[in-house]
Amino acid sequence: MAKRKVLVIGCGSIGERHVRCFQQTGRAEATACDVDPALLRKMADTYKVPTLPDWEKAVEGGNFDAVVICTPAQFHIPMSVRALRAGSHVLCEKPLSISLSGVDELVRARDQSGRQIAIAYTLHMVPCMIQAREFLRSGEMGPILQATSVAGQPFNIFRPAYAQVYYRSHSSGGGAIQDALTHTANWMESVVGPADSLICDCAHLSLAGVEVEDTVHLAARHGPTLVSYALNQFQMPNESTIQLNSASGSVKIEFDAQRWGVMRKSGEAWSWREAPVAHRDTFYIAQANAFFDQLDGAPSRLCSVEAAAQTLRFNLAALASAKSGARVFCRDLHE
C-alpha cells in the first residue's frame, strides 16, 4: 500500500513528536514545515525528512494527503479550514481554539470538502483510559453519579521550555486549563456527557517565568453527574487518578500506574486491570494509525470537531468563571 504524504506544520516539541510517530507507523511520508530555519534543520538532520518554510504555499499546492497542525491554538481553525478546502485531511492539535469564532466555518469546510478532521486529544489512545471507558459505557455499573480527577506533575522538568512557548499566554492556548486540564475534561465528557456548567478557581502559584495559572480547582455539572477536577503543575510526583462512582460500585484509573480497577462492594479490594505501554510515543503512534484507519473508512476512535468544540466551551467557561468568581453555563458562551 502506498504511503500517505503528511505535512506537519509547526516543529516544536509536539510537532517533532508527530513527525517521529507518523514515521513509526510505516504508513507515512512526512514533511516538516516551520518558519524557524533552525527547527527545520533539526527535522532534516534527525528524521531525514523534507522541509518547507511556508505553510500556505505547502497547503495550497495540494500535494499532501493529510496535514497535521501543531501551531499555537489561535491558528488551529484558520489553518484547518485552509487545509480542508485545499483537499487535505487534517489532524489538529488540541485545544481546538481559544475562542468559538470560526467553529461553524470549520464544520462547513469539513462537510463541503468531504475530507476528514480529527482533534489530537491523546487520552483516547491510552489503553487504561480506553478500557475503563468501554467498561463504563457497557452500563454494568449503572449511571455515573459523581466523579473526581486529581492530577499533578513537575511541569518544569517535563517541559523545561514552557516559558518560551505557547504555554506562557492564554492567547496562544497556554495555562493549565487549556494545556493540561482540557485533556481530562475531554475524556470525561466522552464518558459522562458534556459539561453544562462549572465554577472554577485557579491561580499562578509556582511556575517561574509565566503568569498564567498552574493550579486549578473546578466543580462541574455534566448533566446529572457532579465532577470535581484538581490539578497542579509543580508537585514532584507525576500522578493522575480519576474515580467514577455509581450507586453500585466505583471505577478508578491510575494513569501513572497504567491500570484501572473496579470495586463493587464496600470493603472489598480493588480488582485491577493492568494496561501498560512502553513509551509515551506509543500513544502518538496509535493516534497516527487511528487517523489513517479513519481515512480508510474505519469508525473514528479520535476526537471529533463537535466534541472538541464542546471541550472548548468547557475551557472558556473555566477561564470566565475564574475571572468572575461565578458559575458559568456553557450554553451562554458566544463568539
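> So what's going on with the overall build of the protein? Residues and values would help.
Within the protein one finds 10 helices and 15 strands. Projected onto its principal axes, the C-alpha positions of the protein cover 60 × 45 × 40 Å. Counting over 335 residues, the protein shows a buried share of 51%. Considering only contacts in the protein between residues 6 or more positions apart, those separated by 24 or more positions represent 66%.

> How would you explain the packing of aromatic side chains if you had to name every residue and give the values?
Across all of its chains, the model carries 9 aromatic pairs by this definition. Aromatic pair F22 and F292: ring centres 5.4 Å apart, planes at 80 degrees, arrangement edge-to-face. Of this pair, F22 sits in helix α1 (residues 13-25) while F292 sits in helix α9 (residues 281-295), and the two are 270 residues apart along the sequence. Classification of F22 by relative accessible area gives buried; the value is 1%. On the basis of relative accessible area, F292 is assigned to the buried category, the value being 0%. Between the aromatic rings of Y162 and Y167, the centroid separation amounts to 6.0 Å while the plane-to-plane angle is 90 degrees, which identifies the pairing as edge-to-face. Of the two residues, Y162 and Y167, neither departs from the other in class, the shared state being buried. Ring pairing ties together the aromatic residues F22, F291 and F292, which thus form one cluster.

> Go over the nonpolar core with me, naming the residues and quoting the values.
By size, the foremost hydrophobic cluster in this structure holds 82 residues, and its most contacted members are I119, W187, M188, L218, Y229, L244 and F314. When near neighbours in sequence (up to four residues on either side) are disregarded, Y229 contacts S149, L181, T184, A185, M188, V216, H217, L218, A220, H222 and F314. In terms of nonpolar packing, the next biggest core, distinct from the first, is built from 24 residues, V6, Y47, V49 and L302 among them.

> I'd like to hear about the state of the cysteines, residue by residue, with values.
The full count for this structure, using the stated rule, is 0 disulfides. Distance from the sulfur of C128, which forms no disulfide, to the nearest cysteine sulfur (C303) is 18 Å. For C128, a relative accessible area of 1% puts it in the buried group. You can see C330 has no disulfide; the closest cysteine sulfur is in C200, sitting 12 Å from it. Overall, the relative accessible area of 3% leaves C330 in the buried class.

> Any details on the packing of helix α4 (residues 76-85) against helix α5 (residues 103-113)? Residues and values, ideally.
Where α4 meets α5, the axes come as close as 9 Å, and the angle between the chain directions of the two elements is 15 degrees. The pairing of α4 with α5 is recorded here as roughly parallel in orientation. Crossing of α4 over α5 shows left-handed handedness. Across the interface between the two elements, I77, S80, V81, L84 and R85 of α4 pack against V103, E105, L106, A109, R110 and S113 of α5. Of the residues belonging to the contact of α4 with α5, the class tally is 6 nonpolar, 2 polar and 3 charged.

> Lay out α5 in plain terms, naming residues and giving numbers.
By the burial criterion, the buried members of α5 are V103, L106, A109 and R110. The buried side chains of α5 occupy one side of the element, clustering within an arc of 120 degrees when seen end-on. Seen from the buried face of α5, the exposed residues on the opposite side, beyond 90 degrees, are D104, D111 and Q112. Contact partners of the buried residues in α5: α4, β6 (117-120) and α10 (305-324). Once α5 finishes, G114 follows within two positions and takes phi at roughly 75 degrees, a positive value.

> Summarise the sheet that holds strand β5 (residues 89-93); cite the residues concerned and give the values.
On the basis of which strands lie adjacent, the open sheet formed by 6 strands has the order β3-β2-β1-β4-β5-β6 and parallel pairing. Strand pairing shows two members of the sheet lacking a second neighbour, β3 (51-52) and β6, which therefore form its edges. Of the strand pairs in this sheet, strand β1 (residues 4-9) and strand β4 (residues 66-69) are connected by 4 bridges, and their pairing is parallel. Across the sheet, L7 pairs through a bridge with V67, a residue of β4. With respect to the sheet, α9 is in contact with β1, β2 (28-33), β4, β5 and β6, its orientation differing from that of β5 by roughly 150 degrees.

> Pulling in residues and values, what's your account of unusual backbone geometry?
Here the bond from K94 into P95 is cis, since omega is -15 degrees, no more than 30 degrees from zero. Tracing the chain through its elements places P95 in the loop between β5 and α5. Non-glycine residue K48 carries a positive phi angle of around 55 degrees. Mapped onto the elements of the fold, K48 is located in the loop between α2 (37-47) and β3. Owing to a relative accessible area of 66%, K48 belongs among the exposed residues under this scheme.

> Report on the sheet that holds strand β13 (residues 259-263), specifying residues and quantitative values.
Sheet architecture is open: 9 strands sit in the order β14-β13-β12-β11-β7-β10-β9-β8-β15, paired in mixed fashion. Both edges of this open sheet fall to β14 (271-274) and β15 (328-329), since each of them pairs with a single strand only. Contacting β7 (146-152), β8 (197-203), β9 (215-222), β10 (225-232), β11 (239-246) and β12 (249-254), helix α8 (residues 175-192) crosses the sheet at an angle of about 155 degrees to β10.

Cut-offs and rules
- Residue numbers run consecutively from 1 along every chain, following the written order of its sequence.
- The model is predicted, so local features are restricted to residues of pLDDT at least 70 and side-chain atom pairs to those at 80 or more, both for listing and for counting; the totals for chains, interfaces and linings are taken over all residues.
- To get the side-chain values, take all heavy atoms of the structure and skip hydrogens and water.
- Going along the chain from the N terminus, every DSSP run of H or I of four or more residues is numbered as a helix, and every run of E of two or more is numbered as a strand.
- Three labels apply to residues, based on accessible area from a 1.4 Å probe with only protein chains included: buried if under 20% of the type maximum, exposed if over 50%, partly exposed otherwise in between.
- Throughout, a contact is declared for two residues whenever any of their heavy atoms are within 4.5 Å.
- Side-chain rings of Phe, Tyr and Trp (the six-membered ring for Trp) are treated as a pair once their centres are within 6.5 Å; stacked means planes under 30 degrees apart, edge-to-face means over 60, and tilted covers the remaining angles.
- Among buried residues, the Ala, Val, Leu, Ile, Met, Phe, Trp, Tyr and Cys ones that are joined through side-chain atoms within 4.5 Å form a nonpolar core.
- Disulfides are defined as cysteine sulfur pairs within 2.5 Å.
- Note on definitions: angles span 0 to 180 degrees between N-to-C directions of axes, and those axes are lines fitted to C-alpha atoms, for helices only across the stretch in contact.
- Oblique is the label for any angle not covered by the other classes, which are roughly parallel (under 35 degrees), roughly antiparallel (over 145) and roughly perpendicular (65 to 115).
- If you view the pair so one helix is near and one far, a crossing is left-handed when the near helix is turned anticlockwise from the far one by less than a right angle, and right-handed when it is turned clockwise.
- Side-chain classes are defined by residue name, with Ala, Val, Leu, Ile, Met, Phe, Trp, Tyr, Cys and Pro counting as nonpolar, Asp, Glu, Lys and Arg as charged, and the others, Gly among them, as polar.
- The arc in question is the one spanned by the directions pointing from the helix axis to the C-beta atoms.
- Whether two strands pair depends on DSSP finding at least two bridges between them.

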